[in-house]
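In case you want the letters, here they are:
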Amino acid sequence: MAEAEAGADVKRGLGLFALGVYLFLYAPIVVLAALSFNESRSSATWEGFTFAWYLKLLQNAQVMQALRSSLIVAFVSTVVSTLLGTAAALAFHRHRFRRAAWLEALFALPIVVPEIVIASSLVLLYAALSLRLGLVTVVLAHVAFSVSYVVVVVRARLHGFDRTLEEAAMDLGAGPWRTLFAVTLPLCAPAILAGALLAFALSIDDYVITSFVAGVGSTTLPLQIYSMVRSGVSPEINAVSTLLLLATSLLLLAAHLLERGRPARLCAAPAGLGFALLAGPFLLGGPSAAGGERALNLYIWSNYIAPETLAKFEARHGVKVNVDLYDSNEALLAKLQAGNANYDVVCPSNYAVAILARQDLLLPLDLSALPNLAHVDPAFLDRPHDPGNRLSIPYFWGTTGIAYRKSRTGPIDSWNALWDPRFAGRILMLDDARETLGAALLLDGRGVNEEDPAALGRARQRLLAQKPLVRTYNSADFDQVLLAGDVWLAQGWSGQFAKAMDQDPDIEYVVPKEGSSFFLDSLAIPRGAPHPQLAHAFLDFVMEPEIAAEICATMRYSTPNRSARALLPAAIRDHPAIFPPADVMRRVELLEDVGEATVLYDRLWTEVKSAR
Ligand code: N2P
C-alpha cells in the first residue's frame, strides 16, 4: 500500500520535473509572443491587447525588404540544395564504391562544424575569388550548409527502401530514367519534401553565417531583427520574431510528419500555413524597393543617425538609403579589409581613419563637392589623422565616461567605481579594446594611447580582476541597459547617456577625474564604393546646418558643426554631457592610432573576453 503511494509520488514528482523543463524551454517564447500583443511600448506593463504592432510591420519598408530577401534566398537555396542533396543520397544508397563511407561522412561535416568556422572560411573564400558580398553569396552559403541536412534526411528514408521495386520496374522494361521518375522518386518524395522543408526553415532562420556573407542590400530577416534589437527593443520586433517562429515551427512540423510517413494531406496544412505566414505579409506588404534602384549604402555606428534624417536625404535625391550598423571600429576595419563590402559611406573614428588611410582603403574626397564643409569648426579640421581632410569629414565627437544611477551608487567621480566590489554584478563595460584597456591604463596613471607592452599587460590584469564584477560588455545599447535598471554603472559614450539622463533624472554622467578618452568620428568613402557621387552628396547633406543640428538633437552626440550648434536649443547647446565645460575637456585625450600596438590591444582584449 505504502509502496504504491510512494510510486505515485515519484510519478507526480517526475511529472512536475518534466513540466519544469518544458517551462524553462518555452517560457521565453511565450513571453515574447504575449508581449507582441501588448499595447504598451514597454515590456514592464500590460496595457491591453492589440494587433497594432503586426500592422505596423506591414508598413515597415525595411522589414518587408528583409523578408523579401529572406524568401528569395530560402527559395533558391532550398531548390538547389534539395536537388544536389537528393542526387547525393541516391548515389550513396545505390553505389558501394571505394571510400563511399568517407565521402558520405564528408557530406555530413557541415552539420557538426561550428557555424562560425563555416562563416569565416566562406568570407575568406569569397574574398579570394573577389566575389562581391550580396544575395548570391548568401545563397551559396545557405546551399553549402543545408545540402548536408537534405542528404541525411533523404538517406535515412532510403534505408528502408525496397530495391526490388526498382528491379521489378526494370524487368518490366522501364529504362533507368523511367525507373527513377516512375518508381524511385515518388517513393522518396516524402523524404525529399521533408529535406526541402528543413532546408527552407534553416535558411529562413540563419543568422551567424548570413551575417558574415551578406553585403549591403542583402539584409535578411534575422539580420534585420538583430539590427532592430540594437536600436532598442520594440514590440514590433516581438511581432516579427513571433511570426518567424510560428512559420518555422509549422514548416518543421510538416517536415517531421512527412518523415514519419504521414499522408501528404495531413502535412499540407502546417506547411501551407507556414508558407502563408511568410509570404502573406510579403504580398500584402507596403512599399518595397524595386531592384536596381539607385541606393546609398551606409555603414555607420548604431545610434548615430535617425531614420527621419535618412528619409529627408532619400526624398531629396529620389534614392533609397540602405543602412548597416556596427559598434566598434574593429568591426568596420574587418569589413573594409575583407575587401568586397559595397559600402558608399562609412564612419570610422579618427584613429581608424589613420589605419584605413595607411592601407589605402579610402577614396580621396572631391572637396569641391562639399561646400558645407565651411560650416565645420576649424578646430576639427586638418587634424593629424587626416591632414587637409583629403579622406574624411568630421561627423560627431564625444567623450567616454561613466553613467550611473545616483540613488543606488551615490556620487561617482573615479574609474575605481567600476572596480568596486560593492557594485558586483551591476557594472557594464564597453565591448571595445581601446576603451576598456584605456580605462584600466588611466587607473595605472597611464594615458589612453599607451604603447608600452608592460603597461598594457598590467591593464589586462586589471580588466581580468574586474571581470567577475562585470554584468556585461556592451557597446551597442549600454544606455538602455542602464535605463532598464539592469546595471547601476556603465562605461559608455556621452551621446546616448545624455539621452538617458533626459529620460530618467536618476541617471548622471561623469568624465572621471583620472581623465578619459574622447573620440572624433568621421564620414569617409571606401575605395570601390559603387556610388561615389551620391556618397559626396550625403557627406555634404549631413554638414548642412539644419541637418547637422537635427542629427545632434536626435542622437545627442556632439556636433563639430559650428553653424549647427548655433541652431540647437539651449538645453542641448549647454548640456554638460554633450558640450563639456573647459575643465572636463582638459582631462580628456583623443584616441590616436597606436600603430604596431593595435594588434596587442586586440589580443589583450580577446584574452580578457575569453577568460573564465
Ligand atoms: C554610438 C557609438 C559612439 C561612437 N553608438 C564612439 N566612437
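Below is a short write-up of the structure.

What counts as what
Residues numbered from 1 in each chain as written. Predicted model: local features only at pLDDT ≥ 70, side-chain atom pairs only at ≥ 80, totals over all residues. Heavy atoms only, no water. Core = buried A, V, L, I, M, F, W, Y, C linked by side-chain atoms within 4.5 Å. Buried < 20%, exposed > 50% of the residue type's maximum accessible area, 1.4 Å probe, protein only. Helix = DSSP H or I, 4+ residues; strand = E, 2+ residues; numbered from the N terminus. Domains from an automatic or database assignment. Contact = heavy atoms within 4.5 Å. Patch = residues over 30% accessible without salt bridge, like charges linked within 9 Å, V, L, I, M, F, W, Y side chains within 5 Å. Areas by Shrake-Rupley, 256 points an atom, 1.4 Å probe, with all protein chains shown as cover. Salt bridge = Lys/Arg side-chain N within 4 Å of Asp/Glu carboxyl O. Arc of directions from axis to C-beta. Near = heavy atom within 4 Å. Polar contact = N/O pair within 3.5 Å; in protein donor to acceptor, adjacent residues only side chain to side chain. Nonpolar A, V, L, I, M, F, W, Y, C, P; charged D, E, K, R; others polar. Axes fitted to C-alpha atoms, helices over the stretch in contact; angles between N-to-C directions. Parallel < 35°, antiparallel > 145°, perpendicular 65-115°, else oblique. Left-handed = near helix turned anticlockwise from the far one by under 90°. Phe/Tyr/Trp six-rings, centres within 6.5 Å; stacked < 30°, edge-to-face > 60°. Lys NZ or Arg CZ within 6 Å of the ring centre and 35° of its normal.

Considerations on the nonpolar core
Then, in step 1: Core analysis: the biggest nonpolar cluster contains 85 residues, and Tyr304, Ile393, Tyr395, Leu523, Phe538, Leu539 and Val542 have the highest contact counts within it.
Then, in step 2: When residues of this core are assigned to their parent elements, the largest contribution, seven residues, is made by helix H21 (residues 532-543).
Then, in step 3: Both of domain 3 (295-395 + 523-555) and domain 4 (397-519 + 592-610) provide at least three residues apiece to this core.
Then, in step 4: In this view, Tyr304 contacts Cys347, Tyr395, Phe396, Phe519, Asp521, Ile551, Met555 and Tyr557; residues no more than four positions away in its chain are not counted.
Then, in step 5: With 37 residues, the next largest nonpolar core counts Tyr404, Leu442, Leu469 and Ala597 among its residues.

Points about a nonpolar patch on the surface
Then, in step 1: A cluster of nonpolar side chains, Phe17, Val21, Tyr22, Phe24, Leu25, Tyr26 and Val30, forms an exposed patch at the surface whose accessible area comes to about 820 Å².
Then, in step 2: The partly exposed category is assigned to Val21, whose relative accessible area is 37%.

Quick word on helix H13 (residues 307-317)
Then, in step 1: Along H13, the residues that are buried comprise Thr309, Leu310 and Phe313. End-on view of H13: buried residues confined to an arc of 100°, all on one side of the axis. Those residues of H13 that are exposed and angled more than 90 degrees off the buried face are Pro307 and Ala315.
Then, in step 2: Elements in contact with the buried residues of H13: strand E1 (295-301), strand E2 (320-326), H21 and helix H22 (545-555).
Then, in step 3: Gly318 lies just past H13 and shows a positive phi near 60°.

Quick look at the site of the ligand
Then, in step 1: Every residue lining the ligand is accounted for by Trp301, Ser302, Asn303, Tyr304, Ser349, Trp493, Gln496, Phe519, Asp521 and Tyr557.
Then, in step 2: In this structure, a nitrogen atom belonging to the ligand sits 2.5 Å away from a main-chain N or O atom of Ser302.
Then, in step 3: Between the ligand and the protein, one listed contact pairs a nitrogen atom with a side-chain N or O atom of Asp521 at 2.9 Å.
Then, in step 4: Here the ligand has 260 Å² of accessible area as a free molecule, and 98% of this is covered by the chains.
Then, in step 5: In the shell around the ligand, the residues fall into five nonpolar, four polar and one charged.
Then, in step 6: Both domains that furnish three or more residues to the shell around the ligand are identified here as domain 3 (295-395 + 523-555) and domain 4 (397-519 + 592-610).

Comments concerning the packing of helix H14 (residues 329-338) against helix H15 (residues 350-358)
Packed helix pairs are characterised by how far apart their axes lie and by the angle those axes make with each other.
Then, in step 1: With their axes 10 Å apart at the nearest point, H14 and H15 run at an angle of 20° to one another. As summarised for this structure, H14 and H15 are arranged roughly parallel, according to the angle between their axes. The interaxial crossing formed by H14 with H15 has right-handed handedness. The residues of H15 that touch H14, namely those facing Asn329, Glu330, Leu333, Leu336 and Gln337, are Tyr351, Ala352, Ile355 and Leu356.

Some remarks on the packing of helix H6 (residues 135-159) against helix H8 (residues 176-205)
Then, in step 1: At a minimum axis separation of 8 Å, H6 and H8 run at an interaxial angle of 150°. Between H6 and H8, the angle falls in the class roughly antiparallel. With respect to the hand of their crossing, H6 and H8 are arranged in right-handed fashion. Contacts from His142, Phe145, Ser146, Tyr149, Val150, Val153, Val154, Arg157 and Leu158 of H6 reach H8 at Leu187, Cys188, Pro190, Ala191, Ile192, Ala194, Gly195, Leu198, Ala199, Leu202 and Ser203.

Description of the packing of aromatic side chains
Then, in step 1: For the coordinates displayed, the defined rule picks out 31 aromatic pairs.
Then, in step 2: Of note, Arg434 hangs over the ring of Tyr351, and the distance from its end group to the ring centre comes to 4.8 Å.
Then, in step 3: Sitting over the ring of Tyr601, Arg434 keeps its end group 5.0 Å from the ring centre.

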